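Structural overview
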Amino acid sequence: MNHKIDLACIIDDDKLYVKMLSRLLDIKKLCKEFLVFENGSEAFSYFKDIFDQPEKEKIPQVILLDLNMPVMDGWQFLEEFVKIKSKMDRPITLYVVSSSINPDDIQRAKEFEEVSDYWVKPISLGELEEMFEKV
C-alpha cells in the first residue's frame, strides 16, 4: 500500500493510548513513520531544531496533540508552535485529540488557525482514517 503520509507526530503522555494509536497507524498503514513525544516540551524542542535547519523529511505532515500533559501542556505547545510555524514551507495538519469535552476547550482550540479540528478521545479507527484522509 502506498502511504499518503510520510511522517506523523503524536504528542501525548498516555502510554496506553499512544501504544493503541501507534498500532492502528501501523496496521492501517496510514503513515510510513511516526514520532512520539510525551509532552509539549519534548515536541517543541524537536520542532524548534528542525525549523532552525529545515529538513523536509523530518517535518511531520500530521500532528495529533493532547492538551493535558506534564511539563508543557498542549496549550503551551500551541502558543510556542504558532511562533515558529511560519518558518515552514510545508503544510502541517494539526489535530487536537483530547479527553476534554469542555466546550470552552473546544472553542479555544478552534481559535488557533493552526488547529484543523478537535477530536475527543478515544478516537475510533474510522475517525483516525478520516483525519489522515483530510491531509
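Criteria and cut-off values
- Residues numbered from 1 in each chain as written.
- Predicted model: local features only at pLDDT ≥ 70, side-chain atom pairs only at ≥ 80, totals over all residues.
- Heavy atoms only, no water.
- Pairing = 2+ DSSP bridges.
- Helix = DSSP H or I, 4+ residues; strand = E, 2+ residues; numbered from the N terminus.
- Axes fitted to C-alpha atoms, helices over the stretch in contact; angles between N-to-C directions.
- Salt bridge = Lys/Arg side-chain N within 4 Å of Asp/Glu carboxyl O.
- Buried < 20%, exposed > 50% of the residue type's maximum accessible area, 1.4 Å probe, protein only.
- Contact = heavy atoms within 4.5 Å.
- Phe/Tyr/Trp six-rings, centres within 6.5 Å; stacked < 30°, edge-to-face > 60°.
- Lys NZ or Arg CZ within 6 Å of the ring centre and 35° of its normal.

In this section: the sheet that holds strand E2 (residues 31–37). With respect to topology, 5 strands assemble into an open sheet ordered E2-E1-E3-E4-E5, the strand pairing being parallel. The open sheet has two edge strands, E2 and strand E5 (115–120), and neither has a second partner. Between one strand and the next, the sheet's axes are offset by a mean angle of 20 degrees, whatever the strand orientation. With 6 bridges connecting them, strand E1 (residues 5–11) and E2 associate as parallel partners.

Before going further, it helps to spend a moment on the pattern of salt bridges. It is possible for side chains of opposite charge to pair when their charged atoms get near one another. Inspection of every chain in the model, using the stated rule, returns 8 salt bridges. Salt-bridge contacts for Lys28 lead to Glu129; the nearest nitrogen and oxygen are separated by 3.5 Å. Of this pair, Lys28 sits in the loop between helix H1 (15–27) and E2 while Glu129 sits in helix H5 (residues 125–133), placing them 101 residues apart in sequence. When the shortest N-O distance is used, the salt bridge between Lys83 and Glu80 registers 3.2 Å. Of this pair, Lys83 and Glu80 both sit in helix H3 (residues 74–84), 3 residues apart, roughly one helical turn. The exposed category is assigned to Lys83, whose relative accessible area is 56%. Linked by salt bridges that have partners in common, Asp12, Asp66 and Lys121 make up one network.

What follows concerns the environment of Ile106. Along the chain, Ile106 falls in helix H4 (residues 103–110). A residue is classified by how much of its surface remains accessible, and Ile106, at 24% relative accessible area, is partly exposed. In sequence terms Ile106 and Tyr118 are 12 residues apart; their C-alpha atoms lie 6.4 Å from each other. With residues near it in sequence (within four places) discarded, Ile106 still touches Ile101 and Tyr118.

Let us look at the packing of aromatic side chains. The geometry of two aromatic rings is summed up by the distance between their centres and the angle between their planes. Under the criterion given, the structure shown has 6 aromatic pairs. Residues Phe37 and Tyr46 carry aromatic rings whose centres are separated by 5.4 Å and whose planes lie at 40 degrees to one another, so their mutual orientation is tilted. Each member of the pair, Phe37 as well as Tyr46, is classed as buried. An aromatic cluster of three or more residues is present, and its members are Phe37, Tyr46, Phe47, Phe77 and Phe81. The cationic tip of Arg108 hangs over the ring face of Trp75; the distance from NZ or CZ to the ring centre is 4.0 Å. Residue placement shows Lys121 over the ring face of Tyr17; its charged tip is 4.4 Å from the ring centre.

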